[in-house]
Amino acid sequence: MNRHLVTGGAGFIGSALVRGLLRDGASRVTVVDNLLTGNERNLDEVRDSVDFLNVDIRDYNALRKAMDGVEVVFHEAAIPSVPRSIHDPVPSHDVNVNGTFNVLRAAKDSGVRRVVYAASSSCYGDTLVLPKVETMQTNPKSPYAAQKLMGEYYMSVWASCFGLETVSIRYFNVFGPRQDPTSPYSGILSLFMTALLDRRSPTLFGDGGQSRDFTFVEDVVALNLKAAKAPAEVVSGKVYNGGNGGRITLNEAWSLLQGIERVSIPPVYGPPREGDVRDSQADTVAAVRDLGHSPQYTFEEGMRLTLEWYRNSR
Ligand code: UD2
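An account of the accompanying structure is given in this report. (Residues numbered from 1 in each chain as written. Predicted model: local features only at pLDDT ≥ 70, side-chain atom pairs only at ≥ 80, totals over all residues. Heavy atoms only, no water.)

Glancing now at the site of the ligand. In the neighbourhood of the ligand, 22 residues make up the surrounding shell, with Ser 120, Phe 205, Arg 212, Arg 273 and Asp 276 lying closest. In this structure, an oxygen atom belonging to the ligand sits 2.6 Å away from a side-chain N or O atom of Arg 212. Separating an oxygen atom of the ligand from a side-chain N or O atom of Asp 276 is a distance of 2.7 Å. Compared with its free state, where it exposes 740 Å², the ligand has 91% of that area covered by protein. Among the secondary structure elements, those contributing two or more residues to the shell around the ligand are helix 6 (188-198) and strand 8 (203-205). It is strand 8 that contributes the most residues to the shell around the ligand, three residues altogether. (Near = heavy atom within 4 Å. Polar contact = N/O pair within 3.5 Å; in protein donor to acceptor, adjacent residues only side chain to side chain. Areas by Shrake-Rupley, 256 points an atom, 1.4 Å probe, with all protein chains shown as cover. Helix = DSSP H or I, 4+ residues; strand = E, 2+ residues; numbered from the N terminus.)

Written as structure tokens, this is what we have:
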């Protein structure tokens, strides 16, 4: 019987978390993924230590069975992307809201002790002040942001009404190896990496002056492991920023990458993107205090490692 289950465990962040759990001493990990955006190749290195279940998180009965005997669930499965949720809101609502509801219901009914949830910095929308603190008023600007926020509310309510331990971590633009660069909805840094290696211009929506707190995936993995172990009386039902604490514009990020690769490729500028947040930066005080968050990778270190991974995997 496995103690840990990762929904979305064949995805970019989920598979990194599976590897992190195994490094941290787990003997086996259960992965629930319907391979909509995930890929079993992401688990190649750890296949022998993974019980993979091709299950959709909207299937309560299958989740209930998968969670039998599990102690901690990491809920990473989602249909990500702000623009995708605007172009096609029904599937993202169904997976991100109804799916999350099912994960909680199945977890409770299966006797799971704790659920750690992948929330999103998008819930803040545009704020007058940076960095963004958990105590600020949320202001979602897209269906995706609203859905992820709804998930946080459900987490807290499952803690208060049903005695399940929950921790929500608001991710701030996670990047790293294995992020899928092939969709129009892919994360910007994965698009940058492939554009750079192809010696193509990336398209920047708007003036490229929008900023993000890009967070290296291994720092998010480490934070999840800490969130699974932190004392319930301190963390349960709560929400924490899982960012790095820095902030860089898209123009700066592209410049840095060109410098690393010693090329000069001016970007192409397109119209601003609907639902886009202008600036994003995490206040990490609460995560440091309660969870022991301690990001280990500077943006440049993370970018270099990621770029090498994309180069070697071509
Ligand atoms: C949001 C969340 C992030 C995570 C993610 C999941 C914020 C601040 N962040 O990321 O935490 O939940 O959603 O999907 O809400 N862009 C271009 N050209 C492109 C693609 C993107 O300029 O070809 C821009 C885009 O307009 C945005 C930035 O790059 O300003 C980052 O976009 P993204 O899709 O990588 O992530 P974002 O910020 O929507």
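Mapped onto the fold, Arg 114 is located in strand 5 (residues 114-120). Residues in contact with Arg 114, not counting those within four places in the same chain, are Glu 71, Val 72, Val 73, Glu 165, Val 167, Ala 227, Ala 228, Lys 229, Ala 230, Pro 231, Ala 232 and Val 235. (Contact = heavy atoms within 4.5 Å.)

On to the pattern of salt bridges. When charged atoms on two side chains of opposite charge get close, those side chains can pair. Evaluated as defined, the whole model comprises 26 salt bridges. With a shortest N-O distance of 2.8 Å, Glu 71 and Arg 3 are connected by a salt bridge. On the criterion of sequence distance, the pair formed by Glu 71 in the loop between helix 2 (60-66) and strand 4 (72-75) and Arg 3 in the segment before strand 1 (4-7) is long-range, its members being 68 residues apart. Its relative accessible area of 46% is what places Arg 3 among the partly exposed residues. Between Asp 56 and Arg 58 there is a salt bridge; the shortest N-O distance is 2.7 Å. (Salt bridge = Lys/Arg side-chain N within 4 Å of Asp/Glu carboxyl O. Buried < 20%, exposed > 50% of the residue type's maximum accessible area, 1.4 Å probe, protein only.)

In terms of burial, strand 6 (residues 165-171) is largely enclosed, as seven of its seven residues are buried. Side-chain alternation along strand 6 places Glu 165, Val 167, Ile 169 and Tyr 171 on one buried face and Thr 166, Ser 168 and Arg 170 on a second face that is also buried. Direction of pairing for strand 5 relative to strand 6: parallel, over a ladder of seven bridges. Pairing of Ala 119 across the sheet is with Arg 170, part of strand 6. For the crossover that starts at strand 5, traverses helix 5 (residues 143-162) and ends in the parallel strand 6, the hand is right-handed. Relative to strand 11 (residues 238-241), strand 6 runs parallel, the two sharing four bridges. Within the sheet, the bridge partner assigned to Val 167 lies in strand 11 and is Lys 238. (Pairing = 2+ DSSP bridges. Right-handed = clockwise from strand over helix to strand, strands pointing away.)

In this section: the nonpolar core. One finds Val 18, Phe 74, Leu 189, Phe 192, Leu 257, Leu 291 and Phe 299 to be the most contacted residues of the largest nonpolar core, which totals 57 residues. Discounting chain neighbours no more than four positions away, the residues touching Phe 192 are Pro 202, Leu 204, Leu 250, Ala 253, Trp 254 and Leu 257. In this structure, Ala 62, Leu 63, Val 73 and Trp 158 belong to the second largest nonpolar core, which totals 25 residues. (Core = buried A, V, L, I, M, F, W, Y, C linked by side-chain atoms within 4.5 Å.)

On to the packing of helix 6 against helix 9 (residues 250-261). Packing of helix 6 against helix 9 leaves a shortest axis separation of 11 Å and a crossing angle of 35°. Between helix 6 and helix 9 lies a crossing of right-handed hand. On helix 9, the residues that touch Ile 188, Leu 189, Phe 192, Met 193, Ala 195, Leu 196 and Leu 197 of helix 6 are Leu 250, Ala 253, Trp 254, Leu 257, Gln 258 and Glu 261. Looking at the contact of helix 6 with helix 9 residue by residue, the class counts come to eleven nonpolar, one polar and one charged. (Axes fitted to C-alpha atoms, helices over the stretch in contact; angles between N-to-C directions. Left-handed = near helix turned anticlockwise from the far one by under 90°. Nonpolar A, V, L, I, M, F, W, Y, C, P; charged D, E, K, R; others polar.)

This brings us to the side chain of Gln 281. Structurally, Gln 281 is set in the loop between strand 13 (268-270) and helix 10 (285-291). Residue classification places Gln 281 among the buried positions, given a relative accessible area of 17%. A distance of 2.9 Å separates a polar atom in the side chain of Gln 281 from the backbone oxygen of Gly 245. Contact partners of Gln 281, with chain neighbours within four places excluded, come to Leu 130, Pro 131, Lys 132, Phe 172, Asp 213, Gly 245, Gly 246 and Arg 247.

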